[in-house]
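Listed here are the chains, written in short residue letters.
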Amino acid sequence: MNPADDLARKIEAIRRMLADDEPAALRSSYLADPSQGRTVLQGSTAPALVPAWNQHPTGLWVPGSAAQSPAPIDLMAVYLTAEEIYGLTPPADYTTRQLQRIPLENVLRFCALVLTALAMPGTSARDVDERFANDLLQGRVRDRVLNLLRDNTRRFLVPQAFMLLARAAVQMSPDTVPRGTQPGDLVGALLCISQTMGHHPDSGPTVIADQPGPLGREIIANQHFNHTWSVSGVLARYARRWLELPAEHIAETGVVDLSQTYEDCTGVRLEELAAVAGYIWMRTVQGTFLLEHAELAALDLPPERLEGVLALISNDLTGMREAVQREQPQQLTEWSFNPFERWPVIRLAGERLLTLDPRHLVNRAFGWLPIWDIKSPPPGHTKPPGHKKLAARAEQTLRHFSEVYVSEVLHHITQDASTARRVYDDAQLRAAYSAEGQRIADAVIDYPGTWIVIEVTTTQLRREAATAVPDESQIEDIDKLIEEIDQIDATINALRQDEAALTKAPATHPRRFQPLLVLPEGFPVNPVTLTVIRERARYRGLLQQTDTNPLEIADIEELEMIEGIQETSGPSLLEILRSKNAGTLRNAGLREHILHGMGLTPPKPARHAALFETAMKPLFEALPPPTEQAPAT
């Protein structure tokens, strides 16, 4: 076809597209008003009622004018499997056969390399995925993975898969392999694990009511495992709960000095634990997850004190193998990594220390886990007299100061002054409502037209519940929370009947009530857990009055996010809770609503800076002074 004929054919096709498809009757029934920017239907001059359509992340096409607020499913990422990447399903024993031909140290170093990269402050999981896809894969396989990763909801590197690979290697990989052995396929072994993760023969009911079911158990364990705390927040809370508050309240009945108790029960001082763990963590997030033991000698600690700390937080390969083998089969799920959490530092041959995942190291030294050392002292250390009672008092002290810390955050959020009280704590509530048998919440906040009624509980998911063991542990743990909700409900009833007993001023208008359950140590809040908790509360007749909003659950870090928002004159706690209840993430966690529903980027609370310095002071003091360079001549 010559160029002139081809051009004529294209012009005719355009004419038919623009004019010929419009019926004659329609053409004579209206006047067209063409204008710039006004969309018309293809093949006609009829204006489009909906000028633009956008594809929602779920795949649904919606009008362009419709706000695309995220739903809980939009916050989930889906990992790539071996079948998607290779185009075939690997044999069931592929991982085992590969690990038997790879030295254990090689597997652990591979896992640590990726887990450290994913844990770097401010890192982008997408960037890490692309980097390692380019480093680990080749040819068409690499191209396929990079194309799949163009979907922002897909993930290549999954922390759970690396922890499962490390656990499997501890069980199957030898220390060394015979010379001439064909190296195992480490990446293939990893992807084979991701192929089988989450496959269970009985998924159970898919409609969530008052029981989570097998699928719900997996979702709860998934969120618990993948939840990441802000390191600065963990260190700030450590400084306040473990160091400052015990010193300030040591004269109170039942309070023990946590620092002294830790030393009495372990032979190690908290300052030494902070210095050693803080140094290893600092070097890890700088990219050095494998340290020479001699590097720690630079710390200003006697060798025997340094070894005392390492005995608590590290284990060698033989010890790790024994610990994994001791795990009870009925307790072992795809979320069970207890030995790696207890000993986040692994001793390798040649006096080297490997940190598998820096998240576990921070939790081990600065979170709740040091209380475990007090309750279960190292075998070589003599327990102090009355150890069992002392350990119980220490745990109760930590729980008490967790609640005190929440109260401090609430006061910071509201910035109430003595002349205009906003937060009423437990003491004021008990003085106001002292009838026999009256149950009282831990705090209430007075907002215009609304009371926020708060119960704080340090209840945590037991190991069985956090790792999706198929028993009743999750529902039993949830039922413990229902007892705390009962206290919120009783306090709401007392306020509803006589709020003047608390405020010393007559009520001038009806109030609404916002129940808020605060779990300082965290709880996986998602559509499954919120539905189950609200349903079980409904069966008990709790929080069912028309003046009561749905129950919300928050952890301490979410409250600190709101504290930072308040310091920058952002929306109040009540405004945030109201917008969550009205938004598409009403059944997700408060953190997800703040970050994704409201699009906020909360700054760290101002007080964190001083607390961070307090937590890291032992490290700063133990570090060698900087070397002064001689002046140039």
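Residues numbered from 1 in each chain as written. Predicted model: local features only at pLDDT ≥ 70, side-chain atom pairs only at ≥ 80, totals over all residues. Heavy atoms only, no water.

A.B. asks: Report on unusual backbone geometry, specifying residues and quantitative values.
C.D. replies: Backbone geometry places A468, a non-glycine residue, at a positive phi of 60°. Mapping A468 onto the fold places it in the loop between α22 (463-466) and α23 (473-498). What makes A468 buried here is its relative accessible area of 7%. The phi angle at L543 is positive, at roughly 60°, despite the residue not being glycine. Structurally, the position occupied by L543 is in the loop between α25 (527-539) and β13 (552-554). Relative accessible area serves as the criterion here: at 11%, L543 is assigned to the buried category. (Helix = DSSP H or I, 4+ residues; strand = E, 2+ residues; numbered from the N terminus. Buried < 20%, exposed > 50% of the residue type's maximum accessible area, 1.4 Å probe, protein only.)

A.B. asks: Which residues make up the nonpolar core, and what are the values?
C.D. replies: Ranked by size, the top nonpolar core spans 75 residues in total, and within it F366, I452, I454 and L559 carry the most contacts. Considering every element that reaches this core, the biggest residue donor is helix α13 (residues 270-285), with 10 residues. Residues L108, F110, F162 and A189 belong to the second largest nonpolar core, which totals 55 residues. (Core = buried A, V, L, I, M, F, W, Y, C linked by side-chain atoms within 4.5 Å.)

A.B. asks: A description of empty space enclosed by the protein should follow, citing residues and the corresponding values.
C.D. replies: This structure, assessed with the given rule, holds 1 cavity of 30 Å³ or more. Its boundaries defined by the atoms lining it, the largest cavity holds a volume of some 30 Å³. Taken together, L80, F156, V158, A161, F162, L190, L191 and S194 form the lining of the largest cavity. Taken together, the elements giving at least two residues each to the lining of the largest cavity come down to α8 (159-172) and α9 (186-196). Sort the elements by how many residues they give to the lining of the largest cavity and α9 lands first, with 3 residues. (1 Å grid on protein atoms, 1.4 Å probe; cavity = no way out; pocket = protein on both sides within 12 Å on 5 of 7 lines; lining within 4 Å. Points joined across faces, edges and corners; volume = space filled by probe spheres on them.)

A.B. asks: Tell me about the sheet that holds β13, and please be specific about residues and values.
C.D. replies: The strands making up a sheet are joined through hydrogen bonds of the backbone, oriented either antiparallel or parallel. Taken in spatial order, the 5 strands of this open sheet run β9-β10-β11-β12-β13, and their pairing is mixed. Bordering the open sheet on either side are β9 (423-425) and β13, each of which pairs with just one other strand. Within this sheet the neighbouring strands show an average axis-to-axis angle of 25°, counted without direction. As defined by bridge partners, β9 adjoins strand β10 (residues 443-447) across 3 bridges and the pair is classed as antiparallel. By the bridge assignment, D425 is partnered in β10 with A443. Across the sheet, α23 lies against β10, β11 (450-456) and β12 (512-518), angled at about 155° from β12, the strand it touches most. (Pairing = 2+ DSSP bridges. Axes fitted to C-alpha atoms, helices over the stretch in contact; angles between N-to-C directions. Contact = heavy atoms within 4.5 Å.)

A.B. asks: Any chance you could break down the sheet that holds strand β8 (residues 352-355) for me, citing the residues and the numbers?
C.D. replies: With mixed pairing, 4 strands are arranged side by side in an open sheet as β5-β8-β7-β6. Of all the strands in the sheet, just β5 (290-292) and β6 (314-316) have a single pairing partner and so form its edges. Pairs of neighbouring strands in the sheet enclose a mean axial angle of 30°, with direction left out of account. Summarising the sheet, β5 and β8 pair through 3 bridges and their orientation is antiparallel. Looking across to β8, one finds that L290 is bridged to L354.

A.B. asks: Could you give me a rundown of α13, with the residues and numbers involved?
C.D. replies: With 16 residues, α13 ought to run about 22 Å at 1.5 Å a step, and its terminal C-alpha atoms sit 22 Å apart, in line with that. A large share of α13 lies buried, amounting to 14 of its 16 residues. One or two steps after α13, the chain reaches G287, where phi turns positive at roughly 105°. (Expected span 1.5 Å × (residues − 1).)

A.B. asks: I'd love a proper account of the packing of α13 against helix α29 (residues 608-622), names of residues and values included.
C.D. replies: Contact geometry for α13 and α29: axes closest at 8 Å, N-to-C directions at 75°. Classified by the angle between their axes, α13 and α29 sit roughly perpendicular to one another. Contact residues: α13 offers E271, A274, A275, G278 and Y279, while α29 offers A615, M616, P618, L619 and A622. The class makeup of the residues in the contact of α13 with α29 is 8 nonpolar, 1 polar and 1 charged. (Parallel < 35°, antiparallel > 145°, perpendicular 65-115°, else oblique. Nonpolar A, V, L, I, M, F, W, Y, C, P; charged D, E, K, R; others polar.)

A.B. asks: Which residues make up the pairing of β11, and what values do they have?
C.D. replies: Across the 7 residues that make up β11, a large majority, 7, are buried. Burial of β11 is two-sided: the residues T450, I452, I454 and V456 facing one way and the residues W451, V453 and E455 facing the other way are all buried. For β10 and β11, the ladder comprises 5 bridges, and the chain directions are antiparallel. Looking across to β11, one finds that A443 is bridged to I454. Count of turn residues in the β10/β11 antiparallel hairpin: 2 residues, of which G449 carries a positive phi of about 85°. Inspection of the sheet shows β11 paired to β12 by 7 bridges, in the parallel sense. Note that in β12 the partner of I454 across the bridge is L516.

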